[in-house]
Amino acid sequence: MKHLLTWSPVILPGETVHYSVEYQGEYESLYISWIWIPTSWCTVIEEPKCDVTDDITATVPYKLRVRATLGSQTSAWSTLKHPFNRNSTILTPPRMEVSKDGFHLVIELEDLGPQFEFLVAYWRREPGAKEQTKVVRSRGVPVHLETMDPGATYCVKAQSLVKVIGRHSAFNQAECVEVQSKEDLPVPWAPAEVTAPLGACSGAFDSDRFHRPGWISAKSKLRNTLFSVTTSQFWGLAGCLPLAAVPEEALPLALALFAFLGFMLILVIVPFSIWKMGQLLQYSCCPVVVLPDTLVNKLPLSLQHDADQRAVP
């Protein structure tokens, strides 16, 4: 929400007149009326207007005054006849742009500042249609309102809201958009004739040898191009790049090859992982107790010594 103070300029041929603007808030007016505060952006300016938005920060009466300066000459202060209170601001309807993105109803509103909100009303243009409303805070970016029905017409209007002053504007002129019916929508894809030369393969590939039923012919439907990326990469290993020499079964064969390799990899990794986990669990849960070598070696010698003593008469 912007507040602009304007005045009649002083016109002197060949001269540049400068202006300065000052203001008083409610406190200054009541208790220190001799003090005027220079505005933030309007000290010694050339244009006969001043943006006082940063100075009008409260919903109280403000006094404003301006004077002209030419060299060392200064005019008397010209004071605004009635104090200005921002809650007396007259809000104007916002500018908007209504469009459609497929079946989506989209609106874009102008950016009037962070204090503004917009009440958007939209409805389907038909007898007895119910009007729906939505508060939009996004400014300057498209906002989705509703998914529309094919063959219907939708209308949108909006008004500005400023909660800090408790005021709103009138609604702007409604704008309507019409959605095409399903019968009128373009087909996403249509069959087309695609011609590609045969025998354009490098290496040992022979197009005549492999040109048989089940392969993509020189004239194929556009739907077959869905396999172009995968099959061209697959046959690129053999040095064959044209779509006309790519077999239709190449994609299933490639998928089968990848599936087989993945299966073999699982067969190797899973048993190894099970064995490794078993080893870890064995060492952590059921450790094997091994006697030191010294105890194992001394036990037979002690038994032998006792046996020898008993054998002596």
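Take the nonpolar core next. Ranked by size, the top nonpolar core spans 23 residues in total, and within it Leu105, Ile107, Leu109, Val120 and Val156 carry the most contacts. If you list the elements that add at least two residues to this core, you get strand S8 (96-101), strand S9 (104-109), strand S10 (116-124), strand S12 (143-147) and strand S13 (153-162). The next biggest cluster of nonpolar side chains, apart from the first, holds 16 residues, and it includes Leu5, Tyr19, Tyr62 and Ala68.

What follows deals with the layout of surface pockets. There is about 270 Å³ of room inside the largest pocket. Residue lining of the largest pocket: 13 residues in total, with Met1, Lys2, Thr92, Leu112 and Phe116 positioned closest to the centre. Of the residues belonging to the lining of the largest pocket, the class tally is six nonpolar, three polar and four charged. Taken together, Lys2, His3, Leu4, Leu5, Val52, Leu64, Leu80, Phe84 and Thr89 make up the lining of the second largest pocket. Of the residues that constitute the lining of the second largest pocket, the class distribution is six nonpolar, two polar and one charged.

With that settled, consider the packing of aromatic side chains. This structure, assessed with the given rule, holds four aromatic pairs. Here Tyr27 and Tyr31 contribute two aromatic rings whose centre-to-centre distance is 5.1 Å and whose plane-to-plane angle is 40°, an arrangement assigned as tilted. Linking Tyr27 with Tyr31, this pair stays in helix H1 (residues 26-31), spanning four residues, or about one helical turn. Each member of the pair, Tyr27 together with Tyr31, is exposed. A centroid spacing of 6.1 Å and a plane angle of 35° characterise the contact between Phe272 and Trp275, whose relative ring orientation is tilted.

Rules behind the numbers
- Residues numbered from 1 in each chain as written.
- Predicted model: local features only at pLDDT ≥ 70, side-chain atom pairs only at ≥ 80, totals over all residues.
- Heavy atoms only, no water.
- Core = buried A, V, L, I, M, F, W, Y, C linked by side-chain atoms within 4.5 Å.
- Buried < 20%, exposed > 50% of the residue type's maximum accessible area, 1.4 Å probe, protein only.
- Helix = DSSP H or I, 4+ residues; strand = E, 2+ residues; numbered from the N terminus.
- 1 Å grid on protein atoms, 1.4 Å probe; cavity = no way out; pocket = protein on both sides within 12 Å on 5 of 7 lines; lining within 4 Å.
- Points joined across faces, edges and corners; volume = space filled by probe spheres on them.
- Nonpolar A, V, L, I, M, F, W, Y, C, P; charged D, E, K, R; others polar.
- Phe/Tyr/Trp six-rings, centres within 6.5 Å; stacked < 30°, edge-to-face > 60°.

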